[in-house]
Every structure is written in C-alpha cells, then in structure tokens.
Amino acid sequence: RAKKEGRGIYRIYSPEMGSNMRRYHYLLEEMRVALDTNSFTLSFQPIINVDGSAISYFEALVRWHHPAEGSIAPSEFIPIAEDSNLILKLGDWILDEACRQMAAWYNAGMSKTRISVNLSGVQLKHRSLYQWVMASLNKIGLPPSSLMLEITESSFIDLSDNTVDELNKLRNEGIIIAIDDFGTGFSSLSLLANLPVDVLKIDKLFVSQATKNTKYNKIIQSIADLSKQLDLKVVAEGIEDIEQLELLKSLGIVYIQGYLISRPQTSAHVGDKVLKQSVSHLSMTGTGVWPP
Ligand code: C2E
Ligand code: MG
Ligand code: MG
Ligand code: MG
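Residues numbered from 1 in each chain as written. Chains lettered and ligands numbered in written order. Predicted model: local features only at pLDDT ≥ 70, side-chain atom pairs only at ≥ 80, totals over all residues. Heavy atoms only, no water.

### Quick look at the site of ligand 1
So, point 1. As a matter of local geometry, ligand 1 sits amid 20 residues, with R63, N118, D180, E240 and Y259 nearest to it.
So, point 2. At 2.8 Å, a side-chain N or O of D180 approaches an oxygen atom of ligand 1.
So, point 3. Contacts to ligand 1 include I239, whose backbone N or O atom sits 3.5 Å from an oxygen atom.
So, point 4. Protein contacts shield 84% of the accessible area of ligand 1, which totals 800 Å² for the unbound molecule. (Near = heavy atom within 4 Å. Polar contact = N/O pair within 3.5 Å; in protein donor to acceptor, adjacent residues only side chain to side chain. Areas by Shrake-Rupley, 256 points an atom, 1.4 Å probe, with all protein chains shown as cover.)

Listed below in structure tokens is the structure:
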C-alpha cells in the first residue's frame, strides 16, 4: 500500500496501522483456508410484494463463521477478498452454491421465485461474465429465469463496453439485473436509460431516513416515479418497522426487503417455511407478480 503512494512520500507509522495490516493479512490467509475447507455458507433473505401477497425472490448473502473469531461480517471480509482477487474464487463458490440451492428449491416446487446473487466490481472486470454465469447454470441445471444479479451502483458507474455487452447477453437469456445500493453511488440518470438494468434497489440509508426527514422521503418517491416511467422495478431494502413499511407503500414502492419481514435465514429454514406455507397460502410460492 505505502509503496503505491510514490517515491518520497512517507507515512508516519502508528500502532493502529500495524494492527490493521495484521488483521488484513490474517483474514486473507484465513479466507483461503475457509475456501479450501468449504467453510463459507449462504443465508437467504426474502424480498416480498409490499401487499404481502408473494415472495418475489431471495437474496443470497455470504456468511463466514470462523472457528476462533466467530462470525465475521461480509462488510469486513468482502473488501479484503476484492482487494486480493480472492473474490474470484469466492465468487465462483457463491454463484455455484446459490444456483445449487435454487435448483433444489425449484425442484421442490418453488419454481416461480428467483435467487439473487451479489457480484463485486472485480468479478465484472476479470471475466467473460456471460460464459461464467451460463456455465454455472448449465452445470447445475438451473434455468436463467431463476437468477438475478445485483451489482452496486458504484460498480455500475464504470462498466466497460465489454461488460455491458456481457450483461445484455445475460439479460437476453432471462436473467434480471439489479442496481444495488441505489442512491449512494452518484450515477448519472442517463445510465438508467442506456445500461442493461431491470431493477433498482434503494439503499437502506434512504429507508432509515425516510420517516425522519422529508427530503429522503421525496427522493424515494421520485425514484419510484422515475422507475415507473422507465419501466424499472424498485425494491426498498432495510425495512425494520411498520412505520417505514406504511410510508414506502404510500410512496409507491412495490417490493420490500428487511428485518421486519425476515432476517437472512439458512436454506433449511427457508425451504421448510415456504414449502409448508405453500400448501395453505399458495401466494407464498410466488404468484407470478415477479418477474413480469
Ligand atoms: P447488500 O447486497 O446491500 O445486502 C443487504 C444487506 O443488508 C445484508 O447485509 C442484509 O443482511 C442487510 N439487511 C437486510 N435487511 C436489513 C434491515 O432491515 N436492517 C439492516 N440494518 N440491515 C438489513 P450483509 O449480509 O451483512 O451484507 C452486507 C453487504 O456485503 C451486502 O450488501 C453486499 O454488498 C456484501 N455481500 C454480502 N454477501 C455477498 C456476496 O455473496 N457476494 C458479494 N460480492 N457481496 C456480498
Ligand atoms: Mg445486494
Ligand atoms: Mg443492497
Ligand atoms: Mg446495501
């Protein structure tokens, strides 16, 4: 790191820097071990129609329970994995595992829902995205219409022409593309007109502010209105209480995700719950409101 800052620039060493560096290298090494020992898992969080009628899809979220450290948050280890390119190997595992789980659900009757996988910017740059995703689907036997990909707004900003082409090919197969953490990345609105996008996921920051600050409230409403005009779907993430839910509903938001509805859960828990409920509440298997 320090070397990159160029000749003649010296940083004063602080003990904190040393311990941050140690933690970084420790986690990097431990992630390699975790990959080799198959120690990562996925959790799944439902995204539902705001009227409660249907589960639209599940977001796959990676989890790491370290034998000595306990749970380590993705917000701590994903950036380290991205920085070191280990994200490519971890990302391979995440996509395969998410597709495997979705295929099992599909075969068990949850065929109208989707699995959504987060992709990091590094993964968009270093691969033939189309080949990579299709190979995983084909290997596992999952139809592309069961997959959605989430790309953060900040990665969306500097997509290469090649990546845009790859995303278009994936979309033509029936895969849905979402911009994640929308509203935090300062993208220009023309991106929405020109890039392959189906869904905007409004960042939870906006949701948490909406009931306290009318400006956030109005931003959400404009995003909902704009999306309607552009034929995009909108998901609001991070709904934690009824007040937020009611407000979002009144602002025209249709799809919601958050602790109020469900925390991310293990696959066993999801499968159990949804498949059982599908007997008495058909709508919970997905009524076809999603995808269009
Ligand atoms: P994200 O993609 O925006 O995922 C949503 C995050 O919000 C998840 O955190 C989820 O647990 C959390 N969340 C959901 N509902 C609520 C709520 O009501 N309140 C609050 N406070 N939080 C809520 P998580 O799992 O810790 O993941 C954090 C971020 O790490 C993700 O944000 C994503 O950027 C990244 N990440 C997680 N899993 C993966 C993965 O498999 N691959 C990649 N590349 N990134 C991942
Ligand atoms: Mg996401
Ligand atoms: Mg998000
Ligand atoms: Mg987020």
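From this point on, the discussion continues.
### Some remarks on the coordination of the magnesium ion (ligand 2)
So, point 1. Donor atoms from the polypeptide that coordinate the magnesium ion (ligand 2) comprise E59 (OE), N118 (OD1), E150 (OE) and D180 (OD), at 2.0 to 2.2 Å from the metal.
So, point 2. When the donor residues of the magnesium ion (ligand 2) are listed from N- to C-terminus, their spacing reads E-x58-N-x31-E-x29-D.
So, point 3. The metal-metal distance between the magnesium ion (ligand 2) and the magnesium ion (ligand 3) comes to 3.8 Å, with D180 coordinating both. On the criterion of sequence distance, the pair formed by E59 in strand β2 (residues 55-66) and E150 in strand β5 (residues 147-152) is long-range, its members being 91 residues apart. (Donors = N, O, S within 2.8 Å, 3.2 Å for Na, K, Ca; no water. Helix = DSSP H or I, 4+ residues; strand = E, 2+ residues; numbered from the N terminus.)

### Some words on the pairing of β5
So, point 1. Within β5, five of the six residues are buried, leaving the element largely enclosed by the surrounding structure.
So, point 2. Both strand β4 (residues 115-119) and β5 contribute to a ladder of five bridges, which runs parallel. Bridge pairing in β5 links L119 to I151.
So, point 3. Here β5 pairs with strand β6 (residues 176-182) via five bridges, running parallel. Each bridged residue has a counterpart across the sheet, and for L149 the counterpart in β6 is I177. (Buried < 20%, exposed > 50% of the residue type's maximum accessible area, 1.4 Å probe, protein only. Pairing = 2+ DSSP bridges.)

### Regarding the coordination of the magnesium ion (ligand 3)
Each donor-metal-donor angle would ideally measure 109.5 degrees in four-coordinate tetrahedral geometry, or 90 or 180 degrees in six-coordinate octahedral geometry.
So, point 1. Within the protein, the atoms that donate to the magnesium ion (ligand 3) are D180 (OD), D181 (OD), E237 (OE) and E237 (OE), at distances of 2.0 to 2.7 Å.
So, point 2. Along the chain, the residues that donate to the magnesium ion (ligand 3) are spaced as D-D-x55-E.

### Here we look at helix α1 (residues 15-36)
In an α-helix, one turn spans 3.6 residues, which is why side chains three or four residues apart end up on the same side.
So, point 1. The first and last C-alpha atoms of α1 sit 32 Å apart over 22 residues, in line with the 32 Å expected at 1.5 Å per residue.
So, point 2. All of the buried residues along α1 are G18, L27, L28, M31, A34 and L35.
So, point 3. Looking at the packing, one finds that the buried side of α1 touches β1 (40-49), β2, β3 (70-72), α2 (74-84) and α3 (86-107).
So, point 4. Where α1 terminates, the next one or two residues include N38, which has phi positive at roughly 55°. (Expected span 1.5 Å × (residues − 1). Contact = heavy atoms within 4.5 Å.)

### Let's talk about helix α5 (residues 129-140)
So, point 1. Helix length check: α5, at twelve residues, gives a terminal C-alpha distance of 17 Å against a target of 16 Å (1.5 Å per residue), a fit within 8%.
So, point 2. Of all the residues in α5, the buried ones are L129, Y130, W132, V133, M134, S136, L137 and I140.
So, point 3. Elements that come into contact with the buried residues of α5 comprise α3, β4, α4 (121-125), β5 and α7 (161-172).
So, point 4. At the exit of α5 stands G141, carrying a positive phi of roughly 80°.

### Some points on the environment of A135
So, point 1. Among the structural elements, A135 can be located in helix α5.
So, point 2. Its relative accessible area of 44% is what places A135 among the partly exposed residues.
So, point 3. For A135 and I115, which are 20 residues apart along the polypeptide, the C-alpha to C-alpha distance reads 16 Å.

### Considering the packing of aromatic side chains
So, point 1. One pass over the full model with this rule turns up six aromatic pairs.
So, point 2. Residues F40 and W64 carry aromatic rings whose centres are separated by 5.4 Å and whose planes lie at 45° to one another, so their mutual orientation is tilted. Taken together, the positions of F40 in strand β1 and W64 in strand β2 put the pair 24 residues apart, joining distant regions of the chain. The burial state of F40 is the same as that of W64; both residues are buried.
So, point 3. A ring pair is formed by F40 and F77, whose centres lie 5.7 Å apart and whose planes are at 45°; its orientation type is tilted. One end of the pair, F40, is in strand β1; the other, F77, is in helix α2, with 37 residues separating them in the sequence. (Phe/Tyr/Trp six-rings, centres within 6.5 Å; stacked < 30°, edge-to-face > 60°.)

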